[in-house]
Amino acid sequence: MSNYRILKFPQSRIATFDVYSIGLSRHHVSALLEFDVTDSRNKLRELKRAGHKVSFNAWLIKVIGKALTQHPEVAAYLYGKRKLIVFDCINISIIVEKEINGKKVPIPLVIEKVNEKSIPVITKEIETAKNQVLSGNDIVLSNQSAFYERLYYRLPGIIRRAIWRFMLKRPKFAFKKMGNAVITSLVMMGKINGWFIHKTVHPISFGVGSVLRKPAVVNNEVKVREILNVTILIDHDVIDGAPMVRFINDLTRYIETGFDLDK
């Protein structure tokens, strides 16, 4: 018999299992998109050379927040069977990879009121979260992990998933705990040539892949451009196809023209 090892995964991954399980029952439409970010990244490089502390991910969060502000119904929560709750603020949950007890673990961070914050402020908030020291008992990045969050890990799976269902039926509570949109970015963790299909319990979710150099037609000429792969999941119970397309069109325009970078 071959030798083997038994590894214990961090407790924080329990929440990941539960989110994926609940996400399988959601009616999300998947859109696999390519965005030409050549001009936007050039503007970001110019800002960095000028001494501005801005990151690509922070800018992308700001852009998504702008598009969702214009189309807030896309990030609405289903309330019962015939109503929606549309929040004025855009709170975006992102994944920050941190080392806990010697292992790299993805931990959620909720950036509140993205629509009211600047790119440097969002950049600083992400960097602060990356440098925050956590223990294996932490489930989210916050000032102090509450007792009930630590208790969550010790509950049987059927009860943990019941808690998620309970929370999602109370949109105000869900919004407070996890926002109304989520971004999972592989740019922070490595490079992938393609898209990944993820799962979510949020009304809308963004799976951000890598920026790759690809040939593209620009002004009837083939040029090498920087292309960003993004998977967007939109809850079809919340919104129909036509509003989805209008949202994606505005988002594309903001991403490809370098929204809020002409400073």
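Coordinates for the structure precede this section.
Residues numbered from 1 in each chain as written. Predicted model: local features only at pLDDT ≥ 70, side-chain atom pairs only at ≥ 80, totals over all residues. Heavy atoms only, no water.

Visitor: Break down a nonpolar patch on the surface for me, with residues and values.
Guide: Taken together, the side chains of Leu32, Trp195 and Ile197 present a nonpolar region at the surface, about 280 Å² in accessible area. Structurally, the position occupied by Ile197 is in the loop between strand 6 (181-185) and strand 7 (204-218). Accessibility expressed as a relative area gives 46% for Ile197, which makes it partly exposed. (Patch = residues over 30% accessible without salt bridge, like charges linked within 9 Å, V, L, I, M, F, W, Y side chains within 5 Å. Areas by Shrake-Rupley, 256 points an atom, 1.4 Å probe, with all protein chains shown as cover. Salt bridge = Lys/Arg side-chain N within 4 Å of Asp/Glu carboxyl O. Helix = DSSP H or I, 4+ residues; strand = E, 2+ residues; numbered from the N terminus. Buried < 20%, exposed > 50% of the residue type's maximum accessible area, 1.4 Å probe, protein only.)

Visitor: Tell me what's going on with the layout of surface pockets, and back it up with residues and numbers.
Guide: As a volume, the second largest pocket reaches approximately 390 Å³. The wall of the second largest pocket is formed by Ile22, Ser25, Arg26, His27, Tyr77, Leu78, Gly80, Arg165, Leu168, Lys169, Asp235 and Asp237. Taken together, the residues of the lining of the second largest pocket break down into four nonpolar, three polar and five charged. (1 Å grid on protein atoms, 1.4 Å probe; cavity = no way out; pocket = protein on both sides within 12 Å on 5 of 7 lines; lining within 4 Å. Points joined across faces, edges and corners; volume = space filled by probe spheres on them. Nonpolar A, V, L, I, M, F, W, Y, C, P; charged D, E, K, R; others polar.)

Visitor: Go over the packing of helix 3 (residues 56-70) against helix 4 (residues 119-131), please, and point to the residues and values.
Guide: At a minimum axis distance of 8 Å, the contact between helix 3 and helix 4 shows a crossing angle of 125°. In terms of axis orientation, helix 3 runs oblique to helix 4. Between helix 3 and helix 4 the crossing geometry is right-handed. On the side of helix 3, the interface is formed by Ala58, Trp59, Ile61 and Lys62, while helix 4 contributes Ile119, Ile122, Thr123 and Ile126. (Axes fitted to C-alpha atoms, helices over the stretch in contact; angles between N-to-C directions. Parallel < 35°, antiparallel > 145°, perpendicular 65-115°, else oblique. Left-handed = near helix turned anticlockwise from the far one by under 90°. Contact = heavy atoms within 4.5 Å.)

Visitor: Break down the pairing of strand 8 (residues 221-235) for me, with residues and values.
Guide: With 11 of 15 residues buried, strand 8 lies mostly within the body of the structure. In this sheet, strand 8 lies alongside strand 1 (residues 28-36) in antiparallel orientation, the contact comprising nine bridges. When the sheet's bridge partners are listed, Leu32 is paired in strand 8 with Thr231. The pairing of strand 7 with strand 8 spans 13 bridges and is antiparallel. Along strand 8, the bridge assignment pairs Arg213 with Glu226. (Pairing = 2+ DSSP bridges.)

Visitor: Explain the pattern of salt bridges residue by residue, including any values.
Guide: Taken as a whole and judged by the stated rule, the model has 12 salt bridges. Of the charged contacts in the structure, one is a salt bridge between Asp36 and Arg225, with a shortest N-O distance of 2.8 Å. Here Arg225 lies in strand 8 and Asp36 lies in strand 1, a separation of 189 residues in the sequence. We note that Asp36, like Arg225, is buried. With a closest N to O distance of 2.9 Å, Glu226 and Arg45 form a salt bridge. With Glu226 in strand 8 and Arg45 in helix 2 (residues 38-49), this residue pair connects regions lying 181 residues apart in the sequence. With relative accessibility at 9%, the residue Glu226 sits in the buried group. Owing to a relative accessible area of 32%, Arg45 belongs among the partly exposed residues under this scheme.

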